[in-house]
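# Report on the structure
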Amino acid sequence: MKHLIDPMDLTVEEIDQLIDLGSKILADKEKYQDVCKHKSLATLFFEPSTRTRLSFEAAMLELGGNVLGFSSANSSSASKGESVSDTVRTVSYYSDIIAMRHPKEGAPLVASRKIDVPLINAGDGGHYHPTQTLTDLMTIYQEKGRFHDLTIGMCGDLKFGRTVHSLIKAMSRYENVRFVMISPEELRLPEYIVKDVFEKKNISYQEVRTMEEVMPDLDILYMTRVQRERFFNEQDYIRLKDSFILDLDKLKTAKKDLCIMHPLPRVNEISTKVDDDPRACYFKQVRYGKFIRMALIMTMLGVNVDED
Ligand code: NCD
């Protein structure tokens, strides 16, 4: 694995190995605290982020490595008109591994072709977000103990939500996973995902307009915010932004062991009253995200720790 651009760059076996390593680190952080000493990670974020960037940086620091980078296009030479490829190539001479986010779909793939160090796509426009997918997979594994025989409801902005697109691709490889798509008409899953994933692989999926009608069936409910920054028109955003709000009342018919996930940031789509419900997993998800990124950085840098 040279670069990680699309969640499908990882085989099912590689995902299992990463989750296994992430779980080992979680159980014994001290053992890994120096394994990336003298290595550096660059975080090149041409689009704002809190969790993803800081999770990468915390992951590298906790492995004993160093971090450098920028957190917005305005604070890089992009503001002088430098091409993304030139910026990334420059930074590749200062670092051992790069995590990059960009608002344009495909930008990390293009940049990765010019460099000799591994590059991780930390989100490209409405396209993919493979490390959020790894975070989601680690959460599902820790909380449900399996990837097969699950009914997953995905709710909110299924059109622009890259975490949704990535997770569908990744979960489509496991046995007997049923998908329920819950969105307003205008924010439906893009046709290319329906065709390339569901239809091509003959996977069961259902499209509905309310979460109430499917709540009792779900093992996982993956909530997402409406992606304001990808709308052409603010009026449309305002009209659609509160389409779905999960509250305790709607959870009355849900399974006792439902796992409620959200990649965060949350805007309005989950009432804060849900946070104390044992089914709320979205802050656990944040925690798992750091450990799976530690596992990913180690793996991509080829760092091994002797097993006892
Ligand atoms: C997501 C993203 O950036 O796509 N957030 C994240 O990485 N944790 C989801 C979002 O911004 O809505």
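Now for a description of the structure that goes with this document. (Residues numbered from 1 in each chain as written. Predicted model: local features only at pLDDT ≥ 70, side-chain atom pairs only at ≥ 80, totals over all residues. Heavy atoms only, no water.)

Time to look at the packing of helix 1 (residues 12-27) against helix 9 (residues 282-301). The interhelical angle for the contact between helix 1 and helix 9, taken along N-to-C directions, is 115°, at an axis separation of 8 Å. In the packing of helix 1 onto helix 9, the handedness of the crossing is right-handed. Within the contact between the two elements, helix 1 uses L18, I19, L21, G22, I25 and L26 and helix 9 uses R287, Y288, F291, I292, M294, A295, L296, M298 and T299. Here the contact of helix 1 with helix 9 is composed, by residue class, of twelve nonpolar, two polar and one charged. (Axes fitted to C-alpha atoms, helices over the stretch in contact; angles between N-to-C directions. Helix = DSSP H or I, 4+ residues; strand = E, 2+ residues; numbered from the N terminus. Left-handed = near helix turned anticlockwise from the far one by under 90°. Contact = heavy atoms within 4.5 Å. Nonpolar A, V, L, I, M, F, W, Y, C, P; charged D, E, K, R; others polar.)

Let us look at the packing of aromatic side chains. Using the criterion set out here, one finds eight aromatic pairs in the structure. Residues F198 and Y205 carry aromatic rings whose centres are separated by 4.6 Å and whose planes lie at 20° to one another, so their mutual orientation is stacked. Taking relative accessible area as the criterion, F198 reaches 1% and is therefore assigned buried. For R293, the ring lying beneath its charged end belongs to F56, and the centroid distance is 5.0 Å. (Phe/Tyr/Trp six-rings, centres within 6.5 Å; stacked < 30°, edge-to-face > 60°. Buried < 20%, exposed > 50% of the residue type's maximum accessible area, 1.4 Å probe, protein only. Lys NZ or Arg CZ within 6 Å of the ring centre and 35° of its normal.)

Here we take up helix 7 (residues 191-199). Buried within helix 7 we find I193, V194, V197 and F198. Across the axial projection of helix 7, the buried residues extend over an arc of 105°, all falling on one side. Close packing links the buried residues of helix 7 with helix 6 (162-171), strand 6 (177-182) and strand 7 (205-208). (Arc of directions from axis to C-beta.)

If you trace the backbone, D136 turns up in helix 5 (residues 130-144). Classification of D136 as buried rests on a relative accessible area of 0%. The spacing of D136 and S23 is 113 residues in sequence and 14 Å in space, taken between C-alpha atoms. With near-sequence residues (within four places) excluded, D136 lies in contact with L167, Y222, M261 and Q285. A distance of 2.7 Å separates polar atoms of two side chains, one belonging to D136 and the other to Y222. (Polar contact = N/O pair within 3.5 Å; in protein donor to acceptor, adjacent residues only side chain to side chain.)

So yeah, pure geometry; function would need other evidence.
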